[in-house]
Every structure is written in C-alpha cells, then in structure tokens.
Amino acid sequence: MELRNWAPRRWLCPTGSMMLAFISLLSCLLAASEAKVYSRCELARLLQEFGLDGYRGYSLADWICLAYFTSGFNTAAVDHEADGSTNNGIFQISSRKWCNNFDLKAPNLCRMYCTDLLKPNLKDTVICAMKIAQGPRGLATWETWRHHCQGKDLSDWVDGCDL
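Predicted, not measured: the structure shown is a model, and the values here were computed from it.

S.K.: Please provide a residue-by-residue account of unusual backbone geometry, values included.
M.R.: Of all residues except glycine, most have a negative phi; of all peptide bonds, most are trans. Not every positive phi belongs to a glycine, and Gln92 is a case in point at roughly 50 degrees. Of note, Gln92 is situated in the loop between strand S2 (86-88) and strand S3 (93-94). Using a relative accessible area of 11% as the deciding quantity, one classes Gln92 as buried. With phi around 50 degrees, Asp162 is a residue other than glycine that occupies positive phi space. Mapped onto the elements, Asp162 comes out in the segment after helix H5 (143-148).

Dropping the structure here:
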C-alpha cells in the first residue's frame, strides 16, 4: 500500500492577494444587494436636503448631471480600472485617492471604505463628494462632469422636480 503525503498543498491556501480579491468581490456583491437606482427628481430632492444646491457655486443640476453620466443614478455602480482601483457609487468616487479599497498605499482622503459609497443612504457619498468639490478643481475633478455638464444649460436636469 502506498502512503500519501497528507500535508496541505500550496494551492489550497489562498495567497494574500487572492484573499483580498475575494473580500473585495464579496463586499461588492453584498453592496449590490442593497442597490438603489434613484429617479432624477428623487435624487434632486435628496441632494437638495443634503445641501448640495449652491455648494461651492455648483447648482443642483450640476450634481444631478454628474450622477447621471457617472452611474445612471445607481448607488451600487462600480467600475474596475486596469490598475486595480475602482470608481464607486452614484458619483463614481475613485479608490486611488478618496476611499479605502483595502489598498494600504491609497491616501483615503474621505476616510471611509469604498463600500460605504455603494449604500442607498447617500450620507457618506455626499460627505466625500463635498470634500472632493472643496478641492481646487471642484467638480472638474470628474472628467465626466467636464465632458457632459460643464458650461452647458443644465436646467432640464431639475425641471419639473417640484423642489
């Protein structure tokens, strides 16, 4: 009878990067189960309650335009970049600089996990977006806003919303 070596094989123990990828995927799946896709006017009313209308000189329509072109008003939107970073939530906030996506080298300037930006309750998302808008580039930090919203008549974005 042949004796087998019962020591665990290396492939049975996930490496740190495999575990990180698994945790990241799991957190995205859990966040997706809480997803909310807002209507234009529903989001406009909510962002107005959070005080974004006129914040740093940007109209409510600027914020609604940004949310539409970045995520389609979807709180659980996640875009995976080639470098491993992610853009998260309704404003597609980047893990390269603004949130913690389990990368210890990223600055995490909003001091929150990227998964916090995927919740239907937009409190954390708005707090982080306000911090980004405080920077020298304001909403121009978002390439999407520069291409689709900046310098355009945005009144249709809030028209008919009874604000």
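S.K.: Which residues make up the confidence of the model for the protein, and what values go with them?
M.R.: The share of residues in the protein with pLDDT of 70 or more is 80%, and the mean pLDDT across the chain is 87. Counting interchain partners and residues more than four positions distant, the pLDDT-below-50 stretch residues 6-13 has 0 contacts.

S.K.: Which residues make up the sheet that holds strand S1 (residues 78-80), and what are the values?
M.R.: Paired through backbone hydrogen bonds, the strands of a sheet run either parallel or antiparallel to each other. Overall, antiparallel pairing links the 3 strands, which are arranged S1-S2-S3 in an open sheet. Looking at which strands have only one partner, the edges of the open sheet turn out to be S1 and S3. Here 2 bridges tie S2 to S3, and the two strands are oriented antiparallel to one another. The partner of Asn87 across the bridge, within S3, is Ser94.

S.K.: Lay out the layout of surface pockets with the relevant residues and their values.
M.R.: What the largest pocket holds in volume is close to 340 Å³. Forming the boundary of the largest pocket are 15 residues, of which Asn87, Gln92, Ser94, Thr141 and Trp142 lie nearest the centre. Elements that contribute at least two residues to the lining of the largest pocket include exactly S3 and H5.

S.K.: How would you sum up helix H2 (residues 40-49)? Please name residues and give values.
M.R.: Cys41, Leu43, Ala44, Leu46 and Leu47 are the residues of H2 that are buried. Looking at the packing, one finds that the buried side of H2 touches helix H3 (60-71) and helix H4 (123-133). Taken from the residues just after H2, Gly51 is the one with a positive phi, measuring 90 degrees.

S.K.: Which residues make up the state of the cysteines, and what are the values?
M.R.: Under the defined criterion, the tally for this structure stands at 4 disulfides. The disulfide partner of Cys65 is Cys149, and the S-S distance across this bridge is 2.0 Å. On the sign convention where negative means left-handed, the S-S torsion of about -90 degrees between Cys65 and Cys149 marks this disulfide as left-handed. Note that Cys65 is positioned in helix H3 and Cys149 in the segment after H5, a separation of 84 residues in sequence. In this structure Cys65 comes out as buried when scored by relative accessible area, which is 0%. We classify Cys149 as buried; its relative accessible area is 1%. Indicated for the protein is the disulfide connectivity 1-8, 2-7, 3-5, 4-6, based on numbering the bonded cysteines in sequence order.

S.K.: Can you lay out the pattern of salt bridges for me, pointing to particular residues and giving the numbers?
M.R.: In this structure the tally under the stated criterion is 4 salt bridges. Here Arg96 ties to Glu81 by a salt bridge, and the two come within 4.0 Å at their closest N and O atoms. On the criterion of sequence distance, the pair formed by Arg96 in the loop between S3 and H4 and Glu81 in the loop between S1 and S2 is long-range, its members being 15 residues apart. Accessibility expressed as a relative area gives 45% for Arg96, which makes it partly exposed. Here Lys119 makes a salt bridge to Asp116, at a shortest N to O gap of 3.4 Å. Classification of Asp116 as buried rests on a relative accessible area of 18%. Through salt bridges that share partners, Glu81, Asp83 and Arg96 make up one connected network.

Cut-offs used in this document
Residues numbered from 1 in each chain as written. Predicted model: local features only at pLDDT ≥ 70, side-chain atom pairs only at ≥ 80, totals over all residues. Heavy atoms only, no water. Helix = DSSP H or I, 4+ residues; strand = E, 2+ residues; numbered from the N terminus. Buried < 20%, exposed > 50% of the residue type's maximum accessible area, 1.4 Å probe, protein only. pLDDT = per-residue confidence, 0-100. Contact = heavy atoms within 4.5 Å. Pairing = 2+ DSSP bridges. 1 Å grid on protein atoms, 1.4 Å probe; cavity = no way out; pocket = protein on both sides within 12 Å on 5 of 7 lines; lining within 4 Å. Points joined across faces, edges and corners; volume = space filled by probe spheres on them. Disulfide = S-S within 2.5 Å. Salt bridge = Lys/Arg side-chain N within 4 Å of Asp/Glu carboxyl O.

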